[in-house]
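Letter by letter, the chains look like this.
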Amino acid sequence: MKSFFKKLFLGKVSINDKRSRHISPIQKRILNIRSIWNNDHQDDNGIEKLFRLFLAISQLLFPGVYIKQLANKYGPEYQDLAMDGYILIKLSLPYFILINHWQNYTPLVVLMTYFLLETALYIPMLIFASDMLSRPRSYKRSMMMLFLNYVEIVSAFAVLYTLGDNMNKPFTHWFDAIYFSVITSNSLGYGDFHPVSLFGKVLASIQTMFFLSFLVLFINFFSNNVKTKGYFDHENNN
């Protein structure tokens, strides 16, 4: 049974591949920051360089890189599995809050917002600082993770819309907030729900701009650069 689940979730384990563990995830982030600072790979300056530095440093402020660090000694498959679990936790938290009406439990909402900020910064990093990342082991997996990130952000914004009297009428079911967040992210706007408070209008504006700009830009970037390697790709560590 153990071998069955190992084969199901891990697939082919790279037992002898130690190259992927030569540089740990945290070391990679530090090397990324140094490379941007020294203009080792790109002659950026001004706002572009500041933004790329900010994106690189921001990854050290969130749990994702440290989860990868903990799983690094076991191999890339275990890193993927650990990140799968972490993403599913981030994805599930907004639904737990909505279904159980835990919006008044501030620590949970703060934690969800913290996770949301991590994902919101990760998307522009893929656009503006993709050269800091190693080539994915599976691009199909990367696209699936992108979709899960999309669902997470939609769900998290849904929770934020329920904080206070932000809408023209209250949501009568927890899924109403998800529904409004989905149509807002896609700029549909059927009119049955719309924000009336300043906070609600700001949220809707940010969410619309985020998905109309960053998501479209990232998909375009991903399709055009699907075979581009990162600076610290495994094949470059020779």
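Note that the coordinates shown come from a computational prediction; the quantities given were computed from them, not determined experimentally.

Asker: Where do I start with the packing of aromatic side chains in this structure?
Answerer: Two aromatic rings, taken as a pair, are described by how far apart their centres are and by the angle between their planes. Summed over all chains, the structure comprises 13 aromatic pairs. A ring pair is formed by Tyr86 and Phe115, whose centres lie 5.7 Å apart and whose planes are at 90°; its orientation type is edge-to-face. With Tyr86 in helix α5 (residues 76-100) and Phe115 in helix α6 (residues 106-128), this pair connects stretches of sequence that are 29 residues apart. Judged by its relative accessible area of 9%, Phe115 is buried.

Asker: Would you mind showing me how to read the UniProt feature "transmembrane region" (unreviewed entry) in the chain here?
Answerer: Taking the UniProt record as the reference, the feature "transmembrane region" (unreviewed entry) is found at residues 50-71, 83-102, 108-130, 142-164 and 202-222. Overall, residues 83-102 shows 90% helix and 0% strand. The separation of its end C-alpha atoms is 26 Å. The distance from the first to the last C-alpha atom of residues 142-164 is 36 Å, and the span holds 87% helix and 0% strand.

Asker: Mind showing me how you'd approach the environment of Pro195 here?
Answerer: Along the chain, Pro195 falls in the loop between α8 (174-185) and α9 (198-224). In this structure, the C-alpha to C-alpha distance between Pro195 and Lys169, residues 26 residues apart in sequence, is 8.9 Å. Contact partners of Pro195, with chain neighbours within four places excluded, come to Asn166, Met167, Phe180, Gly200, Lys201 and Ala204.

Asker: Sorry if this is basic, but what is going on with the environment of His194 here?
Answerer: Following the sequence through the fold, His194 ends up in the loop between α8 and α9. For His194, a relative accessible area of 36% puts it in the partly exposed group. Each C-alpha atom of the pair His194 and Met167 lies 5.6 Å from the other, and the pair is 27 residues apart in sequence. For His194, the contacting residues outside a window of four places in its chain are Asn166, Met167, Asn168 and Phe180.

Cut-offs and rules
- Residues numbered from 1 in each chain as written.
- Predicted model: local features only at pLDDT ≥ 70, side-chain atom pairs only at ≥ 80, totals over all residues.
- Heavy atoms only, no water.
- Phe/Tyr/Trp six-rings, centres within 6.5 Å; stacked < 30°, edge-to-face > 60°.
- Helix = DSSP H or I, 4+ residues; strand = E, 2+ residues; numbered from the N terminus.
- Buried < 20%, exposed > 50% of the residue type's maximum accessible area, 1.4 Å probe, protein only.
- UniProt positions renumbered as here; feature names shortened; annotations may be inferred.
- Contact = heavy atoms within 4.5 Å.

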